[in-house]
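Residue strings, one per chain:
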Amino acid sequence: MTDVRPTGPMAVLRPLSSPRAWQATFHVVAGMFLAATTGAVIWLVGVLWWAAVVSLVEGPTGHWLLPVLYVVVAVLGPAALPPLVQFFSALQRERFRALLGVEIAAPRHDPGSGWRRIFRPWAAGSTWRQLAYNLLAPLLGILGGAIVVLCWAALLLAALWADRVSGPWYALWFGGATVLLLAAPWVARGIADADTAAARRLLGRGHAEELTERVESLARSRADLVDAADTERRRIERDLHDGVQQRLVSLAMNLGMARAAFTDRSPEVLGIIAAAHDEATAALAELRDFVRGLHPAVLNDWGLDAALSGVVARAPLPVKLHVHVAPRCSPSIEAIAYFAVSEALTNVAKHAQASRAEVVAERVGDRLIVTVTDDGRGGASVDGAGTGLRGLAQRAAAVDGSLTVVSPPGGPTTVTVHIPCE
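Every value quoted in this text rests on a predicted model; they were computed, and no experiment measured them.

Here's the deal with the overall build of the chain
Here is step 1: Along the backbone of the chain there are 13 helices and five strands.
Here is step 2: Within the chain, the fraction of its 422 residues that count as buried is 34%.
Here is step 3: The long-range share in the chain, meaning contacts at least 24 apart out of those at least 6 apart in sequence, stands at 71%.
Here is step 4: Accessible surface for the chain amounts to roughly 24500 Å². Of this, 65% is attributable to carbon and sulfur atoms.

A word on the pattern of salt bridges
Here is step 1: For the coordinates displayed, the defined rule picks out four salt bridges.
Here is step 2: Here Glu94 ties to Arg97 by a salt bridge, and the two come within 2.4 Å at their closest N and O atoms. Remark: Arg97 and Glu94 occur in helix H3 (residues 65–100); sequence separation between them is three residues, near one turn of the helix.
Here is step 3: Accessibility expressed as a relative area gives 37% for Glu94, which makes it partly exposed.
Here is step 4: Notably, a salt bridge pairs Arg356 with Asp375, separated by 3.8 Å at the nearest N-O pair. Here Asp375 lies in the loop between strand E3 (367–374) and helix H13 (389–397) and Arg356 lies in the loop between helix H12 (331–352) and strand E2 (357–364), a separation of 19 residues in the sequence.
Here is step 5: A residue is classified by how much of its surface remains accessible, and Arg356, at 53% relative accessible area, is exposed.
Here is step 6: Classification of Asp375 as partly exposed rests on a relative accessible area of 28%.

Considering H3
Here is step 1: The end-to-end C-alpha distance of H3, which contains 36 residues, comes to 49 Å, matching closely the 52 Å that a straight helix rising 1.5 Å per residue would cover.
Here is step 2: Its maximal kink placed at Gly77, H3 deviates by approximately 40°, while the proline Pro78 follows within four residues.
Here is step 3: Two residues or fewer after H3 comes Gly101, characterised by a positive phi angle close to 70°.

Re the pairing of strand E5 (residues 413–420)
Here is step 1: The buried fraction of E5 amounts to six of the eight residues, a majority that puts the element mostly inside the structure.
Here is step 2: Across eight bridges, E3 lies against E5 in antiparallel orientation. Within the sheet, the bridge partner assigned to Val372 lies in E5 and is Val415.

Here we look at the packing of H3 against helix H5 (residues 125–152)
Here is step 1: In contact at an axis separation of 9 Å, H3 and H5 are set at 65° when each is read in the N-to-C sense. Overall, the two elements H3 and H5 adopt an arrangement that is roughly perpendicular. Relative to H5, the crossing made by H3 is left-handed. Taking contact as the criterion, the partners of Leu81, Val85, Gln86, Phe88, Ser89, Gln92, Arg93, Arg95 and Phe96 in H3 are, on H5, Thr127, Gln130, Leu131, Tyr133 and Asn134.
Here is step 2: In terms of residue class, the contact of H3 with H5 is made up of six nonpolar, six polar and two charged.

Here's the deal with the packing of aromatic side chains
Here is step 1: One pass over the full model with this rule turns up five aromatic pairs.
Here is step 2: For the pair Trp22 and Trp152, a centre-to-centre distance of 4.4 Å together with 25° between the ring planes defines the contact as stacked. Remark: Trp152 occurs in helix H5 and Trp22 occurs in helix H2 (residues 19–58); sequence separation between them is 130 residues.
Here is step 3: With centroids separated by 5.7 Å and ring planes inclined at 55°, the aromatic side chains of Phe87 and Phe88 adopt a geometry described as tilted.
Here is step 4: The exposure class of Phe87 is partly exposed, given its relative accessible area of 48%.
Here is step 5: Assessed through its relative accessible area of 7%, Phe88 is described here as buried.
Here is step 6: An aromatic cluster is present here, built from Trp22, Phe26 and Trp152 joined pairwise through their rings.
Here is step 7: The cationic tip of Arg95 hangs over the ring face of Phe96; the distance from NZ or CZ to the ring centre is 4.9 Å.

Here's the deal with the pairing of E2
Here is step 1: Direction of pairing for strand E1 (residues 319–324) relative to E2: parallel, over a ladder of six bridges. Within the sheet, the bridge partner assigned to Val323 lies in E2 and is Ala361.
Here is step 2: Handedness of the E1-H12-E2 crossover: left-handed.
Here is step 3: Where E2 and E3 come together, eight bridges link them in antiparallel fashion. Following the sheet pairing, Val359 is matched in E3 by Val372.

Side note on the sheet that holds E3
Here is step 1: Here we have five strands laid out as an open sheet, ordered E1-E2-E3-E5-E4, and mixed in their pairing. Only two strands of the sheet have a single partner each, and these edge strands are E1 and strand E4 (402–406). Each adjacent strand pair in this sheet contributes to an overall mean axis angle of 10°, direction not counted.
Here is step 2: Along the sheet, helix H11 (residues 304–314) makes contact with E1, E2 and E3, crossing E1 at roughly 175°.
Here is step 3: Strands in contact with H12 are E1, E2, E3 and E5; relative to E3, the strand with the most contacts, it is inclined by about 10°.

Quick look at H13
Here is step 1: By the burial criterion, the buried members of H13 are Leu389, Leu392, Ala393 and Ala396. Axial view of H13: buried residues confined to an arc of 100°, hence all on one face.
Here is step 2: Tucked inside the fold, the buried residues of H13 contact H12, E4 and E5.

The rules behind the values
- Residues numbered from 1 in each chain as written.
- Predicted model: local features only at pLDDT ≥ 70, side-chain atom pairs only at ≥ 80, totals over all residues.
- Heavy atoms only, no water.
- Helix = DSSP H or I, 4+ residues; strand = E, 2+ residues; numbered from the N terminus.
- Buried < 20%, exposed > 50% of the residue type's maximum accessible area, 1.4 Å probe, protein only.
- Contact = heavy atoms within 4.5 Å.
- Areas by Shrake-Rupley, 256 points an atom, 1.4 Å probe, with all protein chains shown as cover.
- Salt bridge = Lys/Arg side-chain N within 4 Å of Asp/Glu carboxyl O.
- Expected span 1.5 Å × (residues − 1).
- Bend = angle between axes of the 7 residues up to and from the residue.
- Pairing = 2+ DSSP bridges.
- Axes fitted to C-alpha atoms, helices over the stretch in contact; angles between N-to-C directions.
- Parallel < 35°, antiparallel > 145°, perpendicular 65-115°, else oblique.
- Left-handed = near helix turned anticlockwise from the far one by under 90°.
- Nonpolar A, V, L, I, M, F, W, Y, C, P; charged D, E, K, R; others polar.
- Phe/Tyr/Trp six-rings, centres within 6.5 Å; stacked < 30°, edge-to-face > 60°.
- Lys NZ or Arg CZ within 6 Å of the ring centre and 35° of its normal.
- Right-handed = clockwise from strand over helix to strand, strands pointing away.
- Arc of directions from axis to C-beta.

Rendered as structure tokens:
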């Protein structure tokens, strides 16, 4: 479809019918009336509170109910003003959304409890920003609205007051009114843009609040990724355990039966069957270790105590185990604790030259603390090569946890992992 645009003198009149110009005009005019109402209420509350305070300081006279009234106003004024400011600010944000399509996120509000409900809003910078906007709104809103209305009604006003001018001033009178009318769309859009900028700065969230929200969003995203990765590992472990592992078990059993049944075959055939049986058995053992490394099924079924008991039982050195985790932590946190103990004991067996070790896992409040101690030669470090401690530190940090290593030369070595239970 061809866009037919007016040309020549008609192009000058085109902005007068622009939807954006009329949106801005309605926005400014609505803001003029809304600002007059909200500003008057806020100023009235402030004046009444100040009058009550001054009356109490000077000493009230007259009926005995007056001091009581002054005290009530002096106390309730600061408590009533923040909710009023928040309500009027919400109306202003709705005006921007409905008339301009501009979304302004409301500042975060912590109501507190008890007496904090009265004083905490005054400690928030957002309260003062919103109060500033609502106090300035009557002046700026009424002034801006009056200018926009004057521009749009310039020709009408000029016609109504045409009898007051004559001669050469007549053309100048209507010429000026025409210029104001033609400038009305640009004036309305300019005032609306300025109002939007002020509202974003004063009615919206501050830089610190935006950073806080961003940090919380990233923390939630990171927690979701950790949970998704743990869920995926458990799915892979379940599929391998129920699928591939069962096929390998069946294959190894069949090869074992063939090896026992075909004893009368030639040595070459028996050798091939025996080699295939041994390879199937070795592959099954490797697959079991791999599945256990992904996510042990016992961890889901029986919890951290049973899972760590299995790790300790497979360790090549004596290990004492103490587990006090009640109630249970989330599955992803238990998985991190399991792999931390497994990796730490693997490091002890490979590098520490230790004769014994001890594992303690306990829940303290909302945190899970896992400690692995050995009597080896020491010298372990998170930055050391080949120890795997860096991976443990990164895994703990992914859930806002931490890992510390105390390993002086000559030992002993203590690896401590602090992770939140949820």
